Structures are given as C-alpha cells and as structure tokens.
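For reference, the chains in residue letters:
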Amino acid sequence: MEQYRLLAECLLPEHMLDWFELANVHVEIKDDTKLVHIYLDENELTPDGRTDLRPNGFTRESVFHDFPIRGHEVLLHVRRRRWLDEGNHNVMTECKFIQESTRCSTELAAFLKQAFGDAPYNGPFI
C-alpha cells in the first residue's frame, strides 16, 4: 500500500496526503474521455492538536477538478471529518482547497494565473 501512497503524493496537490487518506481511485470513460476519480477522506489528526475532540463521521464529499494526468481529467472527491467536542457540539476545521470564483484547486488556479496572467481560461477546469 505504501507504493500507492508514494504515487499519490506525486500526483496530488502538495501536502494533500498530510491531511487526507487515499480512500479509493476509480477510472471512468465518459464520451471518449477518461476521468480519474480520486477519493480522499480527512484523517483523524485533530485540528491544532486539540485533545477534546473525537471523530464523528464525514461531511458530504466536495468534488473539484485538479491538474490533468496524461490528458485524463482528474476529479478529487474530498470528505471532511466531522468532530464532536466534550459537550457533543459539532466542530468544523477551516481548510481552503478551492480557489474563489473558480471550480479548480488553489494550486491549479495559481499555476494558470502565472502561466496565462489575467486572461480568461476557458479550458475544461472552469
């Protein structure tokens, strides 16, 4: 399984596997296009090292586009962990994965902005 983690570290946005576990990978062919679905679940590392929290399942998954892999579209399916504190109150952690006003990862948006400046990008990611 370690080989899959090393491969995923090369393909996913930097530090993604510090916070998420690779749950599944699925390849789909849709209209002659290969879609790579990568499923990630937030791990049980408590936010800010808090010891008063316990895991309580996952949120609904968020899906967003990431860098293509060898011409295949990549969709990241991310489930955030829900937490309960000692008083059984829900606690959510802050995490920014999607660049505002886009539907792609922050890392991809930064790359596109650097590569193309402020010109509109009409590729398959937005």
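The preceding data block contains the structure.
Presented here is a report on the structure given in the accompanying data block. Since the model is a prediction, treat every value here as computed from it, not as a measurement. (Residues numbered from 1 in each chain as written. Predicted model: local features only at pLDDT ≥ 70, side-chain atom pairs only at ≥ 80, totals over all residues. Heavy atoms only, no water.)

### Some words on the pattern of salt bridges
What counts is decided by this rule: Salt bridges are defined by distance alone: a side-chain nitrogen of Lys or Arg within 4 Å of a carboxyl oxygen of Asp or Glu. Runs of H or I in DSSP of at least four residues are treated as helices and runs of E of at least two as strands, each being numbered from the N terminus. Note on classification: 1.4 Å probe, protein chains only; a residue is buried when its accessible area is under 20% of the maximum for its type, exposed when over 50%, partly exposed between these limits.
Enumeration over the complete set of coordinates arrives at three salt bridges. Of the charged contacts in the structure, one is a salt bridge between Asp41 and Arg79, with a shortest N-O distance of 2.8 Å. Of the two residues, Asp41 is situated in strand E2 (residues 33-42) and Arg79 in strand E5 (residues 72-79); the sequence distance between them amounts to 38 residues. Looking at Asp41, the relative accessible area reads 14%, which means it is buried. Close ionic contact of Glu42 with Arg80 constitutes a salt bridge, the shortest N to O distance being 3.2 Å.

### Digging into the pairing of strand E1 (residues 20-30)
Defined as follows: DSSP bridges decide pairing: two strands pair if at least two such bridges lie between them.
Where E1 lies against E2, ten bridges are found, and the strand directions are antiparallel. Within the sheet, the bridge partner assigned to Phe20 lies in E2 and is Glu42.

### Some points on the side chain of Arg81
This is how the line gets drawn: Only four residue types enter the tally: Lys and Arg on the positive side, Asp and Glu on the negative side; His and the chain ends are excluded. Polar contact is defined as a pair of N or O atoms within 3.5 Å, subject to the rule that within protein one atom must be able to donate a hydrogen and the other to accept it, and that residues adjacent in sequence are counted only when both atoms are side-chain atoms.
Inspection of the secondary structure puts Arg81 in strand E6 (residues 81-84). Among buried Asp, Glu, Lys and Arg side chains, Arg81 stands out as unpaired, with Glu44 the closest opposite charge at 4.1 Å. Among the polar contacts listed, one links the side chain of Arg81 to the backbone oxygen of Asn43, at a separation of 3.2 Å.

### Examining the sheet that holds E6
The strand order across the open sheet built from three strands is E3-E6-E7, with neighbouring strands paired in antiparallel fashion. Each of the sheet's edge strands pairs with one partner strand only, and the pair in question is strand E3 (54-58) and strand E7 (90-91). Sheet analysis places E6 next to E7, joined by two bridges and oriented antiparallel. Paired with Trp83 across the strands is Val91, a residue of E7.

### So, the sheet that holds E5
Selection rule: Think of each axis as a best-fit line through the C-alpha atoms, taken over the contacting stretch in the case of a helix, with angles from 0 to 180 degrees between the N-to-C directions.
With respect to topology, four strands assemble into an open sheet ordered E1-E2-E5-E4, the strand pairing being mixed. In this open sheet, the two strands that pair with only one neighbour each are E1 and strand E4 (62-69). Taken over all neighbouring pairs, the strand axes of this sheet differ in orientation by 25° on average, direction set aside.

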